[in-house]
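# Per-entry structural report
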Amino acid sequence: MEKIAAYLEEVKKIAIAGHVNPDGDCIGSCMGMYLYLTENYPELDVDVFLEEPKEVFSFLKDFDKIRTGHEENASYDLMILLDISSRDRVGVVGDLIDSAGKVLCLDHHRTNEGAYTWFYNDPEASSTAEVVYRFLDPEKISEKCAEALYMGIAHDTGIFQYQNCSPETMCVAAELMKKGIPHSWIIDRTYYQKTYEENQILGRALIESFLFFGGKVIVSVVRERTMKFFGVTPKDMDGIVSQLRNTIGVEVAVFLYETDWLEYKVSMRSKDYVDVSRVAAVFGGGGHARAAGCTIQGMHRDVINAIAKELDLQFREHDEAVKRQEKNDEEDG
Ligand code: 5GP
Ligand code: MN
């Protein structure tokens, strides 16, 4: 792995892009990379593409430079794809990948299959922002660039809480903090604070949730008419699945919202042992062991049943593994 400078030889036009419906890590990684390149390499022509990000991210420097569409005959010497999870999830500029001179993809999704000019995927990394940091010269990272990367790490670790948060993650976060960023404000403003509508739909999703598998699984569904009633869009429902996951005794939280007639976006989170990326992959989605997603067609009851079948498989595997372990312990003891 070389620093980003090594990938810029004979390159003039660069496009940076993330995944559809960009989250904090995706936006933080893209804007961190954008700011690093534009601040240190003014001779380069760099564009950053993202689907319309939430207003809470507008404190980031050059937020107004984000492009939500590209010119018809646009082409780039280098495309930098960040946090995309799979090629078909590149937002806005997905159709330009094939015509790009070179493609550098940095990610932390086990389900990303690669096939780019350069591919650095570290599923052990907390976030793509942490992976991006490794490619940058720490001395050339400005306070504004540090704000973006710190935000990415904070979001994907559930504010330094999830199992993906390692000592290295904390060291990177510490280095970014040393740049003088308003770290506490960034977390409060972009992660914890909610609009009235976001809180309302969260409340509704919690009230309507139900437990099954003896309380190991919690599910909640939001129909399109409910979203309309509360005046919310998918962006306003980001935190719901992690709040469901906080329920004591729950191993897996499943949150569904209707995206079309007989179509649901599924978000899954697990706590200790269920690999939800395996479940998502069955339905053509992907993600991480403890956080994954997919889109499934059908009536919501059928969608839930199909997911339940996959979860059942993993619960059985887990029970067998626990039994085997107990037997081994008995024999050893
Ligand atoms: P979320 O539930 O927040 O939408 O996504 C959780 C994780 O799974 C994220 O890392 C996200 O990139 C990934 N993910 C969500 N939906 C999909 C999908 O449809 N396909 C793939 N490949 N990854 C997804
Ligand atoms: Mn990520």
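Everything that follows concerns the structure shown earlier in this document.
Residues numbered from 1 in each chain as written. Chains lettered and ligands numbered in written order. Predicted model: local features only at pLDDT ≥ 70, side-chain atom pairs only at ≥ 80, totals over all residues. Heavy atoms only, no water.

## Some thoughts on helix α4 (residues 167-177)
The following threshold applies: Using a 1.4 Å probe on the protein chains alone, a residue whose accessible area is under 20% of its type maximum counts as buried, one over 50% counts as exposed, and one in between counts as partly exposed. Only runs of H or I of at least four residues qualify as helices and only runs of E of at least two qualify as strands under DSSP, and these elements are numbered from the N terminus. To obtain the arc, one takes the directions from the helix axis to the C-beta atoms. Contacts are residue-level and defined by heavy atoms, with any inter-residue pair within 4.5 Å sufficient.
Those residues of α4 that sit buried are Thr-169, Val-172, Ala-173 and Leu-176. Burial along α4 is one-sided: seen end-on, the buried residues are contained in an arc of 100°. Where the residues of α4 are buried, they touch α2 (128-134) and α3 (143-156).

## Quick word on the pairing of strand β11 (residues 291-297)
The two faces of a sheet get side chains in turn, since along a regular strand they alternate between them. Rules: Pairing between two strands is assigned when DSSP locates at least 2 bridges connecting them.
As paired elements, strand β9 (residues 263-270) and β11 share 7 bridges and run antiparallel to each other. Looking across to β11, one finds that Val-266 is bridged to Cys-294. By the bridge criterion, 2 bridges tie strand β10 (residues 286-287) to β11 in an arrangement that is antiparallel. Pairing of Gly-286 across the sheet is with Gly-293, part of β11.

## As for the nonpolar core
Keep this limit in mind: As used in this record, nonpolar core signifies buried Ala, Val, Leu, Ile, Met, Phe, Trp, Tyr and Cys residues forming a set joined through side-chain atoms within 4.5 Å.
One finds Ile-14, Ile-16, Met-33, Leu-37 and Ile-80 to be the most contacted residues of the largest nonpolar core, which totals 53 residues. Here this core gets 9 residues from one element, more than from any other, and that element is helix α1 (residues 24-40). Dropping the residues within four chain positions of it, Met-33 is found in contact with Ile-4, Ile-16, Ile-80, Leu-82, Leu-106, Val-132 and Leu-136. If you look at the next biggest cluster of nonpolar residues, it comprises 21 residues, including Val-221, Val-252, Val-254 and Leu-256.

## Digging into the side chain of Glu-258
Selection criterion: Any pair of N or O atoms that falls within 3.5 Å is considered a polar contact. Within protein, one atom must be able to donate a hydrogen and the other to accept it, and sequence-neighbouring residues count only if both atoms are side-chain atoms.
Along the chain, Glu-258 falls in strand β8 (residues 252-260). Within the structure, the side chain of Glu-258 is placed 2.7 Å from the backbone nitrogen of Glu-224, a separation counted as a polar contact. With sequence-adjacent residues up to four places away left out, Glu-258 is seen in contact with Val-222, Arg-223, Glu-224, Met-227, Glu-263 and Tyr-264.

## With respect to the packing of α3 against α4
As a reminder of what qualifies: Whenever a helix is involved, its axis is fitted only over the stretch in contact; in every case the axis is a line through C-alpha atoms, and angles between N-to-C directions fall within 0 to 180 degrees. For classification, angles of less than 35 degrees are called roughly parallel, those exceeding 145 degrees roughly antiparallel, those between 65 and 115 degrees roughly perpendicular, and all remaining angles oblique. Should the near helix be turned counterclockwise from the far one by less than a right angle, the crossing is left-handed, whereas a clockwise turn marks it as right-handed. Three residue categories are used. Nonpolar comprises Ala, Val, Leu, Ile, Met, Phe, Trp, Tyr, Cys and Pro, charged comprises Asp, Glu, Lys and Arg, and polar comprises the others, including Gly.
Where α3 contacts α4, the axes come no closer than 9 Å and their chain directions differ by 150°. As summarised for this structure, α3 and α4 are arranged roughly antiparallel, according to the angle between their axes. Helix-helix and strand crossings are classified by hand; for α3 and α4 the assignment is left-handed. Taking contact as the criterion, the partners of Ala-146, Leu-149, Tyr-150 and Ile-153 in α3 are, on α4, Thr-169, Val-172, Ala-173, Leu-176 and Met-177. Here the residues of the contact of α3 with α4 are counted per class, giving 8 nonpolar, 1 polar and no charged.

Nothing here speaks to function; it is geometry throughout.
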